[in-house]
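In case you want the letters, here they are:
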Amino acid sequence: MATALVQIGLVAAWLAVVGGVAEGVRRTGRFATEITRKIVHIGAGHVILLAWWLHTPAWMGITASVVFSGVALLSYRLPILPGVDGVGRNSLGTFFYAVSIGVLTAVFWPLGLPQYAALGILVMTWGDGLAALVGQNFGRHPYKIFGNQKSWEGSLTMALASLLVVLLVLGLTAGFTEAVWATALVVAIAATLLETLSFYGLDNLTVPLGSAALAYGLVSWMG
């Protein structure tokens, strides 16, 4: 029980730091709302690394996912998370974010393979997070797919960030083998396609789940 309380305290402290930084940036009024959202988006995603390092039990991650999923749904009606979601916002991204963490924890923690859960979440946090920032601020070559507006600059950022995340996570746990390099390339392409084709924040679910499942399948197949 003491160990669990310490783990919960450390995770809560990290989330408090991320939330505090985001709120401080928001209150300055000098940055766009999207900057604040991406600070939370990227910062909060690293809780999966903290959970991996602390060897937190699966039930803890699943419980946290359920709680934050509920908070996220309420935030669309009430100003609970003003720096992350606006009331009435037409996206369930924050909700899907919390759900994806719970699903990946439930699947890969019992298998003793937390690196795949971390891989999926970090592809979403860094890939999707940086792609949005680069696309909105530096996107000079837009394109549309099924009415969904993207930019080539943002999509390229998504692919490169995803490639780097997969290489680092799998390379540091399994070695930088040919199978890992091939997996990283395929996952980066797939994650970029999933991010491009998703609507209403659904990429916060499809990207992490798809990336983790594909990486696990490819590494298992190629040995």
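Scroll up for the structure.
Just so it is clear, the model here is predicted, and its values are computed rather than measured.

### A closer look at the overall build of the protein chain
Item 1. A tally of helices and strands in the protein chain yields 9 helices and 2 strands.
Item 2. Shown N-terminal to C-terminal, the secondary structure of the protein chain runs as helices and strands in the order α-α-α-α-α-α-β-β-α-α-α.
Item 3. In terms of overall dimensions, the protein chain is globule-like: its C-alpha atoms have a radius of gyration of 17 Å, near the 17 Å expected for 223 residues.
Item 4. If you line up the protein chain on its principal axes, its C-alpha atoms span 50 × 50 × 25 Å.
Item 5. When burial is assessed residue by residue, the protein chain has 48% of its 223 residues classed as buried.
Item 6. For the protein chain, restricting intrachain contacts to residue pairs at least 6 apart in sequence, the fraction spanning at least 24 positions comes to 68%.
Item 7. As displayed, the protein chain offers around 11400 Å² of accessible surface, 73% of which is attributable to carbon and sulfur atoms.

### Side note on the packing of aromatic side chains
The description of an aromatic ring pair uses the distance of the two centres, along with the angle that the planes make with each other.
Item 1. Inspection of the entire model under this criterion finds 5 aromatic pairs.
Item 2. Clustering of aromatic rings is evident, with ring pairs tying together Phe 108, Tyr 116 and Tyr 216.

### Quick word on the pattern of salt bridges
Item 1. Under the criterion given, the structure shown has 2 salt bridges.
Item 2. Linking Lys 38 and Asp 128 is a salt bridge whose minimum nitrogen-to-oxygen distance equals 4.0 Å. Taken together, the residues Lys 38 in helix 2 (residues 33–45) and Asp 128 in helix 6 (residues 114–138) connect sequence positions 90 residues apart. Summarising the burial analysis for this pair, Lys 38 and Asp 128 share the class buried.
Item 3. Notably, a salt bridge pairs Lys 150 with Glu 195, separated by 2.8 Å at the nearest N-O pair. With a gap of 45 residues between them, Lys 150 in strand 2 (residues 148–151) and Glu 195 in helix 8 (residues 178–197) connect regions that are remote in the sequence.
Item 4. Its relative accessible area of 7% is what places Glu 195 among the buried residues.

Reading guide: rules and limits
- Residues numbered from 1 in each chain as written.
- Predicted model: local features only at pLDDT ≥ 70, side-chain atom pairs only at ≥ 80, totals over all residues.
- Heavy atoms only, no water.
- Helix = DSSP H or I, 4+ residues; strand = E, 2+ residues; numbered from the N terminus.
- Rg over C-alpha atoms; globule rule 2.2 N^0.38 Å.
- Buried < 20%, exposed > 50% of the residue type's maximum accessible area, 1.4 Å probe, protein only.
- Contact = heavy atoms within 4.5 Å.
- Areas by Shrake-Rupley, 256 points an atom, 1.4 Å probe, with all protein chains shown as cover.
- Phe/Tyr/Trp six-rings, centres within 6.5 Å; stacked < 30°, edge-to-face > 60°.
- Salt bridge = Lys/Arg side-chain N within 4 Å of Asp/Glu carboxyl O.

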